[in-house]
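Okay, here's what each chain looks like letter by letter:
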Amino acid sequence: MKKFGLWLIILALTIGFGRVNRNYIRNQLILTQEENEYTVTMKRDLLCLMMAYPGHITGIEAEDGKGVFIVMRSGRRILYDDKKEKSFQEKLSSPDLQDMLEQIYPLEDIQSLMPPNFDPGRIRVYSFLHEVYGGSKAQVEGNLTNVKAGPQYILFNKQNGAAEALDMVMDELVPLAGSNPKIYPFVFPMSGTFNYRNIAGTGQLSPHAFGTAIDLARNNKDYWKWATREEGEKRLAVYPREIVKIFEKNRFVWGGKWTHFDILHFEYRPELILKARYFSGQAKPHQLWYEGLTSMDDTTRSYIQMIESALD
Ligand SMILES: [Zn+2]
């Protein structure tokens, strides 16, 4: 009888420990999965940045206790993740690179305005943009070039292929507008590209200050500060999607796909278009983090190696 009691105790302890152990293992797995998702997203973001800004980012560095940085051509390092908990407003006013790439731009057509606080592209890291497109008004001006847009020439930044991309847009958009009287009034007269100014009501520079954004023909219902949401919805419904497609194909995002809609506004944001094209879904278990890329050349392979060796 005594022996039986002892066995019972041993059995109870075994079951108890087993449970604790299983929970422990499960918690570890969840943690690893979360960490894994974080790392996968970081690697993808870094790869998109390197692919979108070739030559401007020269390396990736990880420093204990400080985090992961991209290294710019000038030697300046820009932090990927400041590890701060931020509200949406705080992400807009003091973003890091992670915040800038967090919301995935929808490449598919949309039927109505975006839900609250969905503005993929409105979050911009200014230190990064200054490094790429010019550190001051004078430097940005020095980087501007003329792009032919139908009857007029417009100024755009020639760094990082921005002006070239706009040129490709115009090659397709101008003949389309010329041959289609329904599309023409949405394109011409264009409202402007370069303008060294702040975004109205904020202390932050507009992307127009970098010469990387273009406003097409203006309508009073185009902008969330000028129009009600209902008016914006109506304008969105009639806006020709052919225009949007041409811009997106050339790595511009459309302000029509923002909660804070800006329907006449198109902005050159190659990193967001690449992330949307290749990494719009979560990585599946046992999948390589860069699966999703549709092609792989030597340059891309070298970026992947740089990321892997920096984060090892
Ligand atoms: Zn604009």
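Sequence order as written defines residue numbering, which begins from 1 separately in each chain. Owing to the predicted nature of the model, reporting of local features is limited to residues with pLDDT of at least 70; listing and counting of side-chain atom pairs is limited to 80 or more, with chain, interface and lining totals taken over all residues. Neither water nor hydrogens contribute to the side-chain values; these are computed over all heavy atoms in the structure.

> How would you summarise the coordination of the zinc ion if you had to cite specific residues and measurements?
Octahedral six-donor coordination of a metal ideally yields angles of 90 or 180 degrees, compared with 109.5 degrees for tetrahedral four-donor coordination. Here a donor is any nitrogen, oxygen or sulfur atom (N, O, S) within 2.8 Å of the metal, with 3.2 Å used for Na, K and Ca; water is not among the atoms considered, so some sites may look incomplete. In this structure, His208 (NE2), Asp215 (OD) and His265 (ND1) serve as the protein donors to the zinc ion, at separations of 2.0 to 2.1 Å. Along the chain, the residues donating to the zinc ion fall in the pattern H-x6-D-x49-H. With respect to burial, His208 and Asp215 carry one shared label: buried. Residue burial is assigned from relative accessible area. The probe radius is 1.4 Å, only protein chains are included, and a residue is buried under 20% of its type maximum, exposed over 50%, and partly exposed in between.

> Please give an account of the pairing of strand E1 (residues 57-63) that cites residues and values.
For two strands to pair, DSSP has to find at least two bridges joining them. Secondary structure elements are taken from DSSP: a helix is a run of H or I of four residues or more, a strand is a run of E of two residues or more, and numbering for both begins at the N terminus. Note that E1 and strand E2 (residues 67-72) share six bridges and pair antiparallel. Opposite Glu63, over in E2, you have Gly67 as the bridge partner.

> Explain the pattern of salt bridges to me, using residue names and the numbers behind them.
Salt bridge, as applied in this entry: a Lys or Arg side-chain nitrogen positioned within 4 Å of an Asp or Glu carboxyl oxygen. Taken as a whole and judged by the stated rule, the model has 20 salt bridges. Taking the shortest distance from any N to any O, the salt bridge between Glu172 and Lys249 comes out at 2.9 Å. You can see Glu172 sitting in helix H6 (residues 162-179) and its partner Lys249 sitting in helix H9 (residues 241-249), a full 77 residues away along the chain. When its relative accessible area of 33% is taken as the criterion, Glu172 is described as partly exposed.

> Explain the nonpolar core to me, using residue names and the numbers behind them.
The biggest cluster of nonpolar side chains holds 84 residues, and the ones touching the most others in it are Phe128, Leu166, Ile214, Ile243, Phe247 and Phe266. Sort the elements by how many residues they give to this core and helix H1 (residues 2-52) lands first, with nine residues. Contact definition: two residues touch when any of their heavy atoms are within 4.5 Å. Residues within four places of Phe266 in sequence aside, it is in contact with Thr212, Ala213, Ile214, Leu216, Tyr239, Ile243, Val244, Phe247, Phe252, Val253 and Trp254. Take the buried residues of types Ala, Val, Leu, Ile, Met, Phe, Trp, Tyr and Cys, join any two whose side-chain atoms come within 4.5 Å, and each joined set is a nonpolar core.

> Please provide a residue-by-residue account of unusual backbone geometry, values included.
When glycine is set aside, most residues are seen to have a negative phi, and most peptide bonds are trans. In this structure, Pro189 follows Phe188 across a cis peptide bond, with omega equal to -5°. Relative to the helices and strands, Pro189 resides in the loop between helix H7 (184-187) and strand E6 (213-215). Of note, the phi angle at Asn117 is positive, near 55°, even though the residue is not glycine. Mapped onto the fold, Asn117 is located in the loop between helix H3 (97-102) and helix H4 (126-133). Positive phi, normally seen in glycine, also occurs at Asn160, with a value near 55°. In this structure Asn160 comes out as buried when scored by relative accessible area, which is 12%.

> A description of the UniProt feature "domain: Peptidase M15C" (unreviewed entry) in the chain should follow, citing residues and the corresponding values.
Under the local residue numbering, the UniProt record ascribes the feature "domain: Peptidase M15C" (unreviewed entry) to residues 201-268. A helix fraction of 28% and a strand fraction of 15% characterise residues 201-268, whose end C-alpha atoms lie 23 Å from each other. UniProt positions are given in the numbering used here, feature names are shortened, and annotations may be inferred rather than shown by experiment.

> Give a description of the environment of Lys284 that names residues and reports values.
In this fold, Lys284 is placed in the loop between helix H10 (270-278) and helix H11 (298-311). Its relative accessible area of 57% is what places Lys284 among the exposed residues. Along the primary structure Lys284 and Glu37 are separated by 247 residues, whereas in three dimensions their C-alpha atoms are 9.5 Å apart.

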